[in-house]
Amino acid sequence: LFCRADPIDLEAVLLDLCRNAAEACRSGGAITLSAERAGPEAVAAAGLPAGDYARLEVADTGVGMAPDVLAQATRAYFTTRADRGGSGLGLHSALCFAQAAGGALRIASAPGRGTQVSLYLPLAQPPRGPGAPVDAEGAPA
Amino acid sequence: VTRTVLLIDDDADLLLTLSAAFRARGYATLTAGDGRAAMKLLEPTPPHLVVTDILMPDQEGIATIMALRKRPRPPKIIAMSGGGRIGGSNLLEWALNLGADAALAKPFAPSALVRAAAALLRESEAPAALTA
């Protein structure tokens, strides 16, 4: 699966999602990362125009979110972890990243049943050749 | 030469995210939760770049920027603040007037910070390259 996205930002988003999952599993649980080509039904359910998308999912079996928390989860500066250094920008940044890439972010969660965060990104053509540049910007000289 | 970036923010999650972004691009990173802790990390090897939040519980970013600018060989400085939350844009303007080389309003894409850092560090190396 190939997507067109800044690798720095994609890594940051995945790191944030994994950190959230780990936080949700503080009392135990499992975290699963998966990547697949999204089916047409999932694409439609994500509110995206028909097309080819990758679905990157970070799922945990942790504490889950109550509906009122879930409803605000992507709002900037909303956090349930202010006492532990959370700023409430992680899921908001993930949403901004997904939308800027022409994709979407969807979250399913229920108390006691864990959380699944799905990042939909438009599929792209594979890079041309093994030496194709993927990060010409930002690397130190 | 490995460039060292000192990241200062009371948001532990953001420190981890930004530190990972810089490290993945070959930079070395130091992190501090406020300006007072950061001052202890300036020696023995001063960082090439300091990225500091403005509003922090102990020594805040403006005082940190002023202290850094007084050093004999001040590092490049990028200020960042919560744009829109509590007058972030005014704080960033203030930071620029006091000597920050660049400013970013939160939330920003980590790639924007890494690119700004790379540009500033290239700029700081340019005179040496001309005289070499």
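Residues numbered from 1 in each chain as written. Chains lettered and ligands numbered in written order. Predicted model: local features only at pLDDT ≥ 70, side-chain atom pairs only at ≥ 80, totals over all residues. Heavy atoms only, no water.

(A) Representation of the pattern of salt bridges. Residues and elements named next belong to chain A. Here the structure, examined in full by the defined rule, presents 11 salt bridges over all chains. With a shortest N-O distance of 3.3 Å, Glu23 and Arg26 are connected by a salt bridge. Across the pair Arg55 and Glu36 runs a salt bridge, and its minimum N-O distance is 2.7 Å. With Arg55 in strand β2 (residues 53–60) and Glu36 in strand β1 (residues 31–37), the pair connects residues that are 19 residues apart, well separated along the chain. Given the relative accessible area of 17%, Arg55 is considered buried. Overall, Glu36 belongs to the partly exposed group, its relative accessible area being 35%. (Salt bridge = Lys/Arg side-chain N within 4 Å of Asp/Glu carboxyl O. Helix = DSSP H or I, 4+ residues; strand = E, 2+ residues; numbered from the N terminus. Buried < 20%, exposed > 50% of the residue type's maximum accessible area, 1.4 Å probe, protein only.)

(B) Region of interest: the state of the cysteines. Residue and element names in this part refer to chain A. Throughout the structure, instances matching the rule amount to 0 disulfides over all chains. This cysteine, Cys3, is not joined by any disulfide, and Cys18 carries the nearest cysteine sulfur, 16 Å off. Judged by relative accessible area, which is 29%, Cys3 ranks as partly exposed. For the unlinked cysteine Cys96, the closest cysteine sulfur is that of Cys3, found at 18 Å. Residue class for Cys96 comes out partly exposed when judged on its relative accessible area of 35%. (Disulfide = S-S within 2.5 Å.)

(C) The environment of B:Glu43, seen in detail. With respect to the helices and strands, the residue B:Glu43 is situated in the loop between α2 (35–39) and β3 (49–53). Using a relative accessible area of 48% as the deciding quantity, one classes B:Glu43 as partly exposed.

(D) View of the sheet that holds strand β4 (residues 115–122) of chain A. All names here are of chain A. Read across the sheet, 4 strands follow the order β1-β2-β4-β3 without closing on themselves; strand pairing throughout is antiparallel. Each of the sheet's edge strands pairs with one partner strand only, and the pair in question is β1 and β3 (104–109). Strand-to-strand twist across the sheet, computed as the mean angle between neighbouring axes with direction ignored, equals 15°. Bridging between β1 and β2 involves 7 bridges; their strand directions are antiparallel. When the bridges of β2 are listed, Ile31 appears paired with Asp60. Here helix α1 (residues 7–24) sits on the sheet in contact with β1, β2 and β4, set at roughly 25° to β2. (Pairing = 2+ DSSP bridges. Axes fitted to C-alpha atoms, helices over the stretch in contact; angles between N-to-C directions. Contact = heavy atoms within 4.5 Å.)

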